[in-house]
Amino acid sequence: MRVIVEMLSYPFLVRAFVGGIFVSLCASLLGVSLVLKRYSMIGDGLSHVSFGALSVAIAAGWSPLAVSIPVVVLAAFFLLRITENGKLKSDAAIAMISASALAIGILVTSMTTGMTTDISSYMFGSILAMRPADLVLSLILSAVVLGLFVFCYHKVFAVTFDENFARATGVRVDFYHGLIAILTAVTIVLGMRMMGAMLISSLVIFPALTSMRVWKSFRAVVISSGLVSMVCFIIGMTVSYTLSTPAGASVVVANLLCFLLFSAWQAVGRLRG
């Protein structure tokens, strides 16, 4: 507790804590649906698309977030469309777009600005990169993501588990697919400043997989994922401050240890049963 109080005396760490907790919560809630629908790697693909868009924006002198958010949203729609049409498997489509966007970003960077601090912070994450304006934008967009998720919870549940039944009951499946894609894209872009393009997908995947080790109902998994994500983020940030380790990597390792702990809990429960 003393360490956390000490950390909160630094304004940039307060911004990192607040923004990171909100983004982690958004990513974990959306991650439940993505993992269950076997789109768990979409976060990794979209983060690479975001890196490519950010590289172009920085090279051209444009606003990084203003460029990357619409580009990543379009990429998310494109991924869903080509996988729904059956022309490409989801993993192949994500791998193709992910590698292409990353390559474009690296080429643009090498030919213009070089690997500057700004580019490195987007690729690997940096707690120093969260400016007051970034925090305000993150809080506003995170509130929108959380509000839409809660408001559309029952529809998201129906679309996640049985699309055919959802269509039969009048649910606009394509609309909610698009909504999930937009919310995921916005969350990925917001989280890149903290986690980096290489690690942001862990916020989407780990909490859902961890919670599924123990809980079986959709509601329980969603609630558990949100709590696990926030706790792991706080632990990771505390470890990063104490041991001077990279923040993004520390958060991922905290999620990994939590996953192993829940897996052990599941194994003990099976032995007792």
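As shown above, the structure is provided for reference.
Here's a quick rundown of the structure. Owing to the predicted nature of the structure, the values given are computational and were not obtained by experimental measurement. (Residues numbered from 1 in each chain as written. Predicted model: local features only at pLDDT ≥ 70, side-chain atom pairs only at ≥ 80, totals over all residues. Heavy atoms only, no water.)

In this section: empty space enclosed by the protein. The gaps of empty space that remain are located by a probe, the size of a water molecule, rolled over the atoms. Taken as a whole, this structure holds 4 cavities of 30 Å³ or more when the rule is applied. Lining of the largest cavity is provided by Ser33, Leu34, Lys37, Tyr39, Ile42, Leu80, His177, Ile180, Ala181 and Thr184. Of all the secondary-structure elements, those providing two or more residues to the lining of the largest cavity are helix H2 (11-36) and helix H10 (173-195). Per-element accounting of the lining of the largest cavity gives the leading share, 4 residues, to H10. Taken together, the residues of the lining of the largest cavity sort by class into 6 nonpolar, 3 polar and 1 charged. (1 Å grid on protein atoms, 1.4 Å probe; cavity = no way out; pocket = protein on both sides within 12 Å on 5 of 7 lines; lining within 4 Å. Points joined across faces, edges and corners; volume = space filled by probe spheres on them. Helix = DSSP H or I, 4+ residues; strand = E, 2+ residues; numbered from the N terminus. Nonpolar A, V, L, I, M, F, W, Y, C, P; charged D, E, K, R; others polar.)

With that out of the way, let us pick up a nonpolar patch on the surface. A cluster of nonpolar residues, Val136, Ile140, Val144 and Leu148, forms a patch on the protein surface that exposes about 320 Å² of accessible area. In this structure, valine 144 sits in helix H7 (residues 132-151). With relative accessibility at 42%, the residue valine 144 sits in the partly exposed group. (Patch = residues over 30% accessible without salt bridge, like charges linked within 9 Å, V, L, I, M, F, W, Y side chains within 5 Å. Areas by Shrake-Rupley, 256 points an atom, 1.4 Å probe, with all protein chains shown as cover. Salt bridge = Lys/Arg side-chain N within 4 Å of Asp/Glu carboxyl O. Buried < 20%, exposed > 50% of the residue type's maximum accessible area, 1.4 Å probe, protein only.)

Within this structure, the stated rule accounts for 12 aromatic pairs. Ring geometry for phenylalanine 17 versus phenylalanine 233: centroids 6.5 Å apart, planes at 85°, classification edge-to-face. Remark: phenylalanine 233 occurs in helix H12 (residues 218-243) and phenylalanine 17 occurs in helix H2; sequence separation between them is 216 residues. Accessibility expressed as a relative area gives 6% for phenylalanine 17, which makes it buried. Each ring, one from phenylalanine 157 and one from phenylalanine 161, has its centre 5.0 Å from the other, and the planes form 50°; the classification is tilted. Within this pair, phenylalanine 157 and its partner phenylalanine 161 are both found in helix H8 (residues 153-161), separated by 4 residues, close to a single helical turn. Residue phenylalanine 157 is classed as partly exposed on the basis of its relative accessible area of 36%. Put simply, the rings of Phe149, Tyr153, Phe157, Phe161 and Phe218 pair up and form one aromatic cluster. (Phe/Tyr/Trp six-rings, centres within 6.5 Å; stacked < 30°, edge-to-face > 60°.)

Because each turn of an α-helix spans 3.6 residues, side chains separated by three or four positions in sequence point in the same direction. Over its 26 residues, helix H13 (residues 247-272) extends 38 Å from the first C-alpha to the last, a length consistent with the 38 Å expected when each residue adds 1.5 Å. Along H13, the residues classified as buried are Ala247, Gly248, Ser250, Val251, Val252, Ala254, Asn255, Cys258, Phe262 and Gln266. The elements touched by buried residues of H13 are H10, helix H11 (201-212) and H12. (Expected span 1.5 Å × (residues − 1). Contact = heavy atoms within 4.5 Å.)

With that out of the way, let us pick up the side chain of glutamine 266. In this fold, glutamine 266 is placed in helix H13. In contact with glutamine 266, not counting residues within four places along its chain, are Arg213 and Lys216.

We now examine the nonpolar core. Leu46 and Met237 are the most contacted members of the largest nonpolar core, which totals 73 residues. Looking at this core element by element, the count peaks at 14 residues for H10. Apart from the residues within four sequence positions on either side, leucine 46 is in contact with Val72, Ala75, Ala76, Leu79, Thr184, Ala185 and Ile188. In terms of nonpolar packing, the next biggest core, distinct from the first, is built from 5 residues, Val228, Cys232, Ala254 and Cys258 among them. (Core = buried A, V, L, I, M, F, W, Y, C linked by side-chain atoms within 4.5 Å.)

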